[in-house]
Amino acid sequence: MVKTAAKSQLYATINWFFYALTTVLLAVFICWGLYSKADYGYPFWFRHMHIDQHIQQYAPQNPYKHGFAQLP
């Protein structure tokens, strides 16, 4: 009896683990798919964080990419 109960508990634990893992992965992939359709919110943050001004200010200081400030 005790071994059967322990085995049943083990199977229940394994089932819940895979259920939780599947649920988390499904949620991540659904969110990723929805955010990719919205371009990950890039246009919103580009406007509100004034990224274009940061590019104009800091791109000329980049020592690794010559002409980086002239990129469109």
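Procedures and definitions
- Residues numbered from 1 in each chain as written.
- Predicted model: local features only at pLDDT ≥ 70, side-chain atom pairs only at ≥ 80, totals over all residues.
- Heavy atoms only, no water.
- Helix = DSSP H or I, 4+ residues; strand = E, 2+ residues; numbered from the N terminus.
- Rg over C-alpha atoms; globule rule 2.2 N^0.38 Å.
- Areas by Shrake-Rupley, 256 points an atom, 1.4 Å probe, with all protein chains shown as cover.
- Buried < 20%, exposed > 50% of the residue type's maximum accessible area, 1.4 Å probe, protein only.

### Details of the overall build of the protein
- Counting secondary structure elements, the protein contains 3 helices and 0 strands.
- When the helices and strands of the protein are placed in sequence order, the string is α-α-α.
- In summary, the protein has a C-alpha radius of gyration of 25 Å against a globular reference of 11 Å for 72 residues, an excess of more than 25%.
- Once the C-alpha set of the protein is aligned to its principal axes, its extents read approximately 75 × 25 × 15 Å.
- Split by element, the accessible area of the protein, about 7,100 Å² in all, is 70% carbon and sulfur.

### So, unusual backbone geometry
- In this model, Tyr40 sits at a positive phi of 60°, which is unusual for a non-glycine residue.
- In this fold, Tyr40 is placed in the loop between helix 1 (2-37) and helix 2 (42-48).
- Overall, Tyr40 belongs to the partly exposed group, its relative accessible area being 46%.
- Of note in the backbone geometry, His50 takes a positive phi value of approximately 55° without being a glycine.
- Along the chain, His50 falls in the loop between helix 2 and helix 3 (51-58).

### Let's talk about the environment of Val28
- Looking at the element boundaries, Val28 is found in helix 1.
- A C-alpha to C-alpha distance of 27 Å links Val28 and Ile51, two positions 23 residues apart in sequence.

### Observations regarding the environment of Leu21
- Tracing the backbone shows Leu21 in helix 1.
- Placed 30 residues apart in sequence, Leu21 and Ile51 show a C-alpha to C-alpha distance of 37 Å.

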